[in-house]
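# Fold and contact review
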Amino acid sequence: MRVSPSVRAVQVPDDNPMHPDFTSIYLIGDGQVLTIDAGEQMERYEWMLKGYLAAVEKAEIALSGITHHHSDHIGNLKWMRDELGAEVLVPKEAPRLLKGKLPRSGVETLADGQVIELDGGICVRVLVTPGHSVDSVCYYIENEGVLFSGDTLLGSSTTTVSDLGAYRRTLKRLLDLPNLNVICPGHGPLVHDPRERLQSYIDHRDMRERQILGALKEGGAQTSWEIMLKLYPDINPRLRRAADNNVRSHLVQLEEEGRLLLHPGMPRKPSAARKRREVEHARQRDLVIRKAKRYEAEKRRAEIREQENPPGAEWIQPPRYELK
Ligand SMILES: [Zn+2]
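Residues numbered from 1 in each chain as written. Predicted model: local features only at pLDDT ≥ 70, side-chain atom pairs only at ≥ 80, totals over all residues. Heavy atoms only, no water.

## As for the coordination of the zinc ion
Around a metal, the ideal angle is 109.5 degrees if four donors adopt a tetrahedral arrangement and 90 or 180 degrees if six donors adopt an octahedral arrangement. For the record, the criterion: Metal donors: N, O and S atoms at distances within 2.8 Å, or within 3.2 Å for Na, K and Ca, with water omitted from the atom set so that some sites may seem incomplete. Working rule for geometry: tetrahedral if four donors all subtend angles between 85 and 135 degrees; square planar for four, octahedral for six, if opposite donors exceed 155 degrees and the others stay between 65 and 115; irregular in every other situation. Numbering of helices and strands starts at the N terminus; helices are DSSP runs of H or I of at least 4 residues and strands are runs of E of at least 2. The cut-offs for exposure are 20% and 50% of the maximum accessible area for each residue type, with area from a 1.4 Å probe on protein chains only; residues under the lower value are buried, those over the upper are exposed, and the others partly exposed.
Taken together, the protein ligands of the zinc ion are Asp72 (OD), His73 (NE2), Asp151 (OD) and His187 (NE2), with distances of 2.0 to 2.2 Å. Coordination geometry of the zinc ion: the 4 donor atoms subtend angles of 86 to 152 degrees at the metal centre, consistent with an arrangement described as irregular. Mapping the donors of the zinc ion onto the primary sequence yields the spacing D-H-x77-D-x35-H. Taken together, the residues His73 in helix 2 (residues 71–74) and His187 in the loop between strand 12 (182–185) and helix 6 (194–217) connect sequence positions 114 residues apart. Look at His73 and you get buried, because its relative accessible area is 1%. Residue classification places His187 among the buried positions, given a relative accessible area of 2%.

Below, the structure written as structure tokens:
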């Protein structure tokens, strides 16, 4: 799908409740292409990307950038490097966060304000935009007004935040971008009213903060989970942890601002004995599964043997027939 003169979107269907609709990989430029994000490690991404490249005359992936280190954005980086020979561009914290998951060679780190120049005079500026994750970056093509937001801003839902103070500063920075026309998010449809959407994200965070303060006004010390259940009584259970993380990030920010009294928690000590028991349990379970699979294969082989061979178990000497 064509987004702007130099940008195309490859939208790959998805069934993860964390990112409804679809996950996108964006292609910038003709011939030597820069991709933004690399999807999840599932074959359908490779197939869709291959199909897209085949349909676009002479396009090949020369550069492959990511917006942050989460697995649904980096899944096919190694493939892009090893099979397609792309140069890989990652945020500067990503090598630490992605130990063992990056290609062995051809990886470069990005800096704030850096401009990636592509054929045809296309300039893509890197913006360091922490908040969703510690290493989140966006990419901006100013003369076309196209912003690639990763998970900093999504197409049809709100996002999760790891550092709320940083996230709020990031939203304000994006709101100030000159000539902003369309946002290409990591998941979900394109955003054609970028300023309104950014403002609504800012308002949404302010509203959530007021709700949390409201829940706290009911009195007593509460855990983030208790507050989450009050704020989101009907949430899909698989999204509860994510919602709890969001509440927690507000509480951390409010506490840092000196507005809350913190009763420190008591973390569970990691027990070496428990860890060993868990490892042993998993080993025993795998052993049983392997044994069962072996028995099943043996049973199948026995059935085949029985079908292929004379009924030896029924006769010491089977009856014999001869012409009179
Ligand atoms: Zn994502």
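## Looking at the sheet that holds strand 6 (residues 87–91)
Let me state the cut-off plainly: The rule for pairing is simple: two strands pair if DSSP sees at least two bridges between them. Under this scheme, a helix contributes an axis fitted over its contacting stretch, all axes are lines through C-alpha atoms, and angles between N-to-C directions fall in the 0 to 180 degree range.
Here we have 7 strands laid out as an open sheet, ordered 1-2-3-4-5-6-7, and mixed in their pairing. In the strand order of this sheet, the two ends are held by strand 1 (2–4) and strand 7 (107–110), each with one partner. Sheet twist, expressed as the mean angle between neighbouring strand axes with direction ignored, is 30 degrees. Of the pairings in the sheet, the one linking strand 5 (residues 60–65) to strand 6 comprises 3 bridges and is parallel in character.

## What to know about the side chain of Thr35
Stated formally: In the analysis that follows, any N or O atom pair within 3.5 Å is treated as a polar contact, provided that within protein one partner can donate a hydrogen and the other can accept it, and provided that, for residues neighboring in sequence, both atoms belong to side chains. In this description, contact between two residues means that some pair of their heavy atoms is separated by no more than 4.5 Å.
Topologically, Thr35 is positioned in strand 4 (residues 32–36). Within polar-contact distance, the side chain of Thr35 engages the side chain of Ser64 at 3.1 Å. Ignoring anything within four residues of it in the chain, the contact list for Thr35 reads Ile25, Tyr26, Leu27, Ile61, Leu63, Ser64, Gly65 and Met80.

## Digging into the packing of helix 6 against helix 7 (residues 224–231)
Inclusion rule: Every angle not falling under 35 degrees, over 145, or within 65 to 115 is termed oblique; those three ranges are roughly parallel, roughly antiparallel and roughly perpendicular. In a left-handed crossing the near helix is turned counterclockwise from the far helix by less than a right angle, and in a right-handed crossing that turn is clockwise. Any residue outside Ala, Val, Leu, Ile, Met, Phe, Trp, Tyr, Cys, Pro, Asp, Glu, Lys and Arg is labelled polar, Gly included; the first ten of those are nonpolar and the last four are charged.
The N-to-C vectors of helix 6 and helix 7 enclose an angle of 110 degrees; their axes lie 10 Å apart at closest approach. By the angle class used here, helix 6 and helix 7 are roughly perpendicular. Here helix 6 runs over helix 7; the crossing is right-handed. In this structure, helix 6 uses Arg208, Gln211, Ile212, Ala215 and Leu216 to contact helix 7, whose residues at the interface are Ile227, Lys230 and Leu231. Across the contact of helix 6 with helix 7, the residue classes tally to 5 nonpolar, 1 polar and 2 charged.

## Comments concerning the confidence of the model for the protein chain
Selection rule: Values of pLDDT, ranging from 0 to 100, describe the predictor's confidence in every residue of the model.
When pLDDT is averaged across the protein chain, the result is 92; 98% of the residues are at 70 or more. Within the protein chain, helix 1 (residues 43–55) has the poorest average pLDDT of any element, 81, and strand 10 (residues 137–141) the best, 98.

## Re the pattern of salt bridges
What counts, and what does not: Salt bridge criterion: a side-chain nitrogen from Lys or Arg within 4 Å of a carboxyl oxygen from Asp or Glu.
Inspection of the entire model under this criterion finds 14 salt bridges. Here Glu278 ties to Arg274 by a salt bridge, and the two come within 3.6 Å at their closest N and O atoms. Note that Glu278 and Arg274 are positioned in helix 9 (residues 272–308) at a spacing of 4 residues, about one turn of the helix. Judged by its relative accessible area of 43%, Glu278 falls in the partly exposed class. Looking at Arg274, the relative accessible area reads 38%, which means it is partly exposed. A single salt-bridge network, built from bridges that share partners, covers Arg168, Asp206, Glu209, Glu257 and Arg259.

## Notes on the sheet that holds strand 9 (residues 122–128)
Spatial ordering of the open sheet is given by 8-9-10-11-12, a layout of 5 strands whose pairing is mixed. Across the chains shown, the open sheet's two edge strands, defined by having one partner strand only, are strand 8 (115–118) and strand 12. In this sheet, neighbouring strand axes are inclined to one another by 25 degrees on average, regardless of whether the strands run parallel or antiparallel. Direction of pairing for strand 9 relative to strand 10: antiparallel, over a ladder of 4 bridges. Along strand 10, the bridge assignment pairs Leu127 with Cys138.

## Some points on the environment of Asp206
Structurally, Asp206 can be placed in helix 6. Between the alpha carbons of Asp206 and Arg168 there is a distance of 9.6 Å; along the sequence they are 38 residues apart.

## Description of the side chain of Ser224
Among the secondary structure elements, Ser224 is positioned in helix 7. Residue Ser224 is classed as buried on the basis of its relative accessible area of 12%. One polar contact links Ser224 to Asp244, side chain to side chain, over a distance of 2.7 Å. When neighbours within four sequence positions are excluded, Ser224 is seen to be in contact with Asp244, Val247, Arg248 and Leu251.

## A look at the domain arrangement of the protein chain
Selection rule: Domain start and stop points were drawn from an automatic or database domain assignment. Here the quantity called buried area is the total loss of accessible area, with a 1.4 Å probe, experienced by two parts when brought into contact, counted for both.
Domain annotation for the protein chain reports domain 1 (2–208) and domain 2 (209–256). Here the C-alpha centre of domain 2 lies 29 Å away from the C-alpha centre of domain 1. Every contact between the two is made by 13 residues of domain 1 and, on the other side, 15 residues of domain 2. Taken together, the two surfaces of domain 1 and domain 2 that pack against each other cover about 1300 Å², and 48% of this comes from carbon and sulfur.

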